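# Coordinate analysis (summary)
Chain residues, written in single-letter form:
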Amino acid sequence: MLVGSSMQPGGAGIKEAFWRANAAVSQRFYESHDGVLLWRQDMEQTRQDSYSLSGVRAELSEILVSGTPEELERVFARLKTDMQRLALSRSTVRAIALELLYIVQEHFERNELPIRTVLTNSCRSYEELLHMETLGEVIAWLDALRQDLSDFLLRESEKGGAKIVGMAQDWIAAHYREAASLQEAARAVSLNPSYFSTLLKKFTGKSYTELLMEYRIERAKELLLLTDAKVYRVGQMVGYEDKFYFSRIFKRVTGMTPVEFKNQRREG
């Protein structure tokens, strides 16, 4: 008896019935069908064995650093649409899930962030992803991953960003007289230097170097007005050993040299 086939018995018929039954079984992955699934002509369509995530990788990496849940939703919506509308093979669909997980893990490991505390609902092993039995299961995992990442972005925006900026400003205030490198500041707030710098830029609009420079110049202005210290000494007191470099930075920020600033304020 040939299940799901009306073909006549015989060598050729049995072979054809086998291929049709195999196509019907494969179709279960796409239709999440629990009952009897009869062969249809469209089940024999050729499915794509490749799908590029190169653009998604760059876009997702940027969003995880400085994006919004809305931007994240658009990326995942495109992926889900492609999975559902393009004729992608089962192996390709699973490969997309695997690469997405790798991209996310790579980002969190590079920035020394605890991935398991972020992916509370979507943390899966590679083996688990490889054994997802239906497209619907993969789509459900994508939804869970998007939600976990959206929650992460909201926490970073609402709490983490303000906290990190405050910690950075406090550290600068305590160490501006020293070399005060980006690496030292990032270490003080327990972040990767690159990620730390990106967060500062996102939440203040300025780089770490700009924040440090502005703080130093503000302290220099106070010293120039309130003390009789020489310009070179003021520069040293705010972290600039080279008096010529200090004067250039001061003029870049204020529009005048330290001497001009001091004289103008005293004349006023």
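Quick summary incoming for the structure in this document. From a predicted model like this one, the values you see are computed outputs, not experimental measurements. (Residues numbered from 1 in each chain as written. Predicted model: local features only at pLDDT ≥ 70, side-chain atom pairs only at ≥ 80, totals over all residues. Heavy atoms only, no water.)

Excluding glycine, residues mostly have negative phi values, and the peptide bonds linking residues are mostly trans. For A180, which is not glycine, the phi dihedral falls at a positive 50 degrees. Mapped onto the elements of the fold, A180 is located in the loop between α7 (135-175) and α8 (182-188). Since its relative accessible area comes to 2%, A180 is described here as buried. (Helix = DSSP H or I, 4+ residues; strand = E, 2+ residues; numbered from the N terminus. Buried < 20%, exposed > 50% of the residue type's maximum accessible area, 1.4 Å probe, protein only.)

Attention now moves to the packing of helix α2 (residues 54-66) against helix α3 (residues 69-85). As a packed pair, α2 and α3 sit with axes 10 Å apart at the nearest point and diverge in direction by 155 degrees. Comparing the axis directions of α2 and α3 gives the class roughly antiparallel. In the packing of α2 onto α3, the handedness of the crossing is left-handed. Within the contact between the two elements, α2 uses V56, E59, L60 and I63 and α3 uses E71, L72, V75, F76, R78 and L79. For the contact of α2 with α3, the residue count by class is seven nonpolar, no polar and three charged. (Axes fitted to C-alpha atoms, helices over the stretch in contact; angles between N-to-C directions. Parallel < 35°, antiparallel > 145°, perpendicular 65-115°, else oblique. Left-handed = near helix turned anticlockwise from the far one by under 90°. Contact = heavy atoms within 4.5 Å. Nonpolar A, V, L, I, M, F, W, Y, C, P; charged D, E, K, R; others polar.)

Attention now moves to the environment of L212. For L212, the location among the structural elements is in helix α10 (residues 208-226). The contact partners of L212, leaving out residues within four places of it in the chain, are I172, Y176, A179 and A180.

This part takes up the nonpolar core. In terms of nonpolar packing, the biggest core is built from 68 residues, with L100, W141, L149, F196, Y208 and F246 touching the most fellow members. Looking at this core element by element, the count peaks at 14 residues for α7. Apart from residues no more than four positions distant in its own chain, F246 is found in contact with I217, A220, V231, V234, G235, V238, Y240 and P258. (Core = buried A, V, L, I, M, F, W, Y, C linked by side-chain atoms within 4.5 Å.)

Right, let's talk about the packing of α2 against helix α4 (residues 90-110) for a bit. Where α2 contacts α4, the two axes come as close as 10 Å, and the packing angle between them is 40 degrees. Classified by the angle between their axes, α2 and α4 sit oblique to one another. Both α2 and α4 take part in a crossing whose hand is right-handed. On α4, the residues that touch V56, R57, L60, S61, L64 and V65 of α2 are E99, L100, Y102, I103, V104, E106 and H107.

Before going further, it helps to spend a moment on the pattern of salt bridges. Should the charged atoms of two oppositely charged side chains come close, the side chains can pair. A full pass over the atoms with the stated rule returns seven salt bridges. The partner of R78 in a salt bridge is E59, with the nearest N and O atoms 2.6 Å apart. Linking R78 in helix α3 with E59 in helix α2, this pair joins segments that are 19 residues apart in sequence. Taking the relative accessible area as the measure of exposure, R78 reaches 42% and is therefore partly exposed. With a shortest N-O distance of 2.7 Å, D143 and K80 are connected by a salt bridge. Of the two residues, D143 is situated in helix α7 and K80 in helix α3; the sequence distance between them amounts to 63 residues. Here D143 falls in the partly exposed class, since its relative accessible area comes to 28%. (Salt bridge = Lys/Arg side-chain N within 4 Å of Asp/Glu carboxyl O.)

Attention now moves to the packing of aromatic side chains. For the coordinates displayed, the defined rule picks out seven aromatic pairs. When the centroid spacing of 5.1 Å and the interplanar angle of 65 degrees are considered together, the rings of Y176 and Y215 count as edge-to-face. Taken together, the residues span a long stretch of sequence, with Y176 in the loop between α7 and α8 and Y215 in helix α10 at a distance of 39 residues. Exposure remark for Y176: the relative accessible area of 6% places this residue in the buried category. Relative accessible area serves as the criterion here: at 26%, Y215 is assigned to the partly exposed category. On the numbers, 5.9 Å between centres and 65 degrees between planes, the contact of F246 with F250 is edge-to-face. Here the residue F246 and the residue F250 both occupy positions in helix α12 (residues 243-254), the gap between them amounting to four residues, near one helical turn. (Phe/Tyr/Trp six-rings, centres within 6.5 Å; stacked < 30°, edge-to-face > 60°.)

When the terminal C-alpha atoms of helix α9 (residues 193-204) are compared, their 16 Å separation across 12 residues agrees well with the 16 Å that a helix rising 1.5 Å per residue should span. Listed as buried for α9 are Y195, F196, L199 and L200. Projection of α9 onto a plane perpendicular to its axis shows the buried side chains occupying an angular sector of 140 degrees, all on one side. Of the residues flanking the start of α9, the one acting as N-cap is N192, its side-chain oxygen 2.8 Å from the backbone nitrogen of S194. Remark: G205 follows α9 within two positions and exhibits a positive phi of approximately 80 degrees. (Expected span 1.5 Å × (residues − 1). Arc of directions from axis to C-beta. Polar contact = N/O pair within 3.5 Å; in protein donor to acceptor, adjacent residues only side chain to side chain.)

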